Amino acid sequence: MGRHVRLLFSLAILLSLLACGMWVWRARSGPPVPVDDAPERSLEEIEASESASQAFQEGLAHEADENWKKIHWSSSLDAALKTARDVSKPVLILLSVREIGTQDPGRC
Amino acid sequence: MLKSSLLSDEKNIETINRDFVPVNFLIEKGFPLDVPVPALTPVREAFLSQPDFRGFFATVVVIDPTGTLLLAYTGRSYPPNYKPTGCYRDGRFLTNIQRGLERFRKAQAIQADSKLSAEQKDAQLAELQKDVRASVGVLKTLKMEIETP
């Protein structure tokens, strides 16, 4: 009888420890983090997500209007500033990051 | 999708070619500038403040020919949905760059005004750029999230 009580007591302690461990683990992992509140991503992760979006990009690029080539783009920022001083006009700058995996690095 | 949308719009192209000197500047790692352009400092700081921008960032800004005055910022385009967002709607884009042109003309008038002291000119030029710089500053606190176009 005494042995059975000790066995049951040990089992109860084990189950309590297990439950306690589960509770701590859940508390530490917290609820699922929404995408928009996710911590900052590494460049590798960013590139991976861009790669996933590439099909969407290519779909848009396929139908892209290429009229932008009619704009009289200056060859460099320095050249644009010099021209702007000569003709007394402001400089309009398209700033973009080099896109990964596309033929046209300026497409954005 | 700036090039295939707003920068391919005939009305925008006509305005850009007539009133501005356009240039495409590709941002390399660290946003180095070959020539000193203080007007781009707020944009550079905002860009570097968000690691996600290294993967996706596109915007159009207007500066004066000396490279010191930031005269217009048109918003930015970024994923995850790749759709033009914020100011990247046709009317607002054109309005923004036209405001840049107006600010340029005001800046010219301020600089040419012989009645103003150097300090007064600096103060008026700072006031002229205040709203634009504030808009760019918002980029630093931006959360990367899907926006409703």
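It should be noted that the structure appears before, not after, this text.
Residues numbered from 1 in each chain as written. Chains lettered and ligands numbered in written order. Predicted model: local features only at pLDDT ≥ 70, side-chain atom pairs only at ≥ 80, totals over all residues.

1. A few points about the overall build of chain B
Phase 1 of the analysis: Counting its secondary structure elements, chain B contains 4 helices and 3 strands.
Phase 2 of the analysis: A fraction of 59% describes how many contacts in chain B between residues 6 or more apart in sequence connect residues 24 or more apart. (Helix = DSSP H or I, 4+ residues; strand = E, 2+ residues; numbered from the N terminus. Contact = placed C-beta atoms within 7 Å.)

2. Overview of unusual backbone geometry
In most cases, non-glycine residues show a negative phi, while peptide bonds are predominantly trans.
Residues and elements named next belong to chain A.
Phase 1 of the analysis: A positive phi angle, near 55°, is found at serine 88, a position not held by glycine.
Phase 2 of the analysis: Structurally, serine 88 is set in the loop between helix H4 (77-87) and strand E1 (91-97).
Phase 3 of the analysis: Residue serine 88 is classed as exposed on the basis of its C-beta count, with 12 C-beta atoms lying within 10 Å. (Buried ≥ 20, exposed ≤ 12 C-beta atoms within 10 Å, placed from the backbone.)

3. Some thoughts on the nonpolar core
Phase 1 of the analysis: Grouped together as the largest cluster of nonpolar side chains are 48 residues, with contacts concentrated most on Val91(A), Leu92(A), Ile93(A), Val61(B), Val62(B) and Ile63(B).
Phase 2 of the analysis: Broken down by secondary-structure element, the contributors of at least two residues to this core are H4 and E1 of chain A together with strand E1 (21-27), helix H2 (41-49), strand E2 (58-63), strand E3 (70-77), helix H3 (90-112) and helix H4 (118-141) of chain B.
Phase 3 of the analysis: Ranked by residue count, the leading element in this core is E1(A), at 6 residues.
Phase 4 of the analysis: The residues touching Val62(B), leaving out its near neighbours within four places in the chain, are Pro90(A), Val91(A), Leu92(A), Phe20(B), Leu71(B), Ala72(B), Ile97(B) and Gly100(B). (Core = buried A, V, L, I, M, F, W, Y, C linked by C-beta atoms within 7 Å.)

4. Concerning the pairing of E2(B)
Phase 1 of the analysis: For E2(B), the buried fraction is high: 6 of the 6 residues fall into the buried class.
Phase 2 of the analysis: Burial along E2(B) is two-sided: the face carrying Ala58(B), Val60(B) and Val62(B) and the face carrying Thr59(B), Val61(B) and Ile63(B) are both buried.
Phase 3 of the analysis: Note that E1(A) and E2(B) share 6 bridges and pair antiparallel. Counted as the bridge partner of Ser96(A) is Ala58(B) from E2(B). (Pairing = 2+ DSSP bridges.)

5. Quick look at the pairing of E1(A)
Within a regular beta strand, the side chains point alternately toward one face of the sheet and then the other, so they alternate between its two faces.
Phase 1 of the analysis: Taking burial as the measure, the 7 residues of E1(A) include 7 buried ones, the bulk of the element.
Phase 2 of the analysis: The alternating pattern of E1(A) places Val91(A), Ile93(A), Leu95(A) and Val97(A) and Leu92(A), Leu94(A) and Ser96(A) on opposite faces, both of which are buried.
Phase 3 of the analysis: Across 7 bridges, the pairing between E1(A) and E1(B) is parallel. By the bridge assignment, Val91(A) is partnered in E1(B) with Val21(B).

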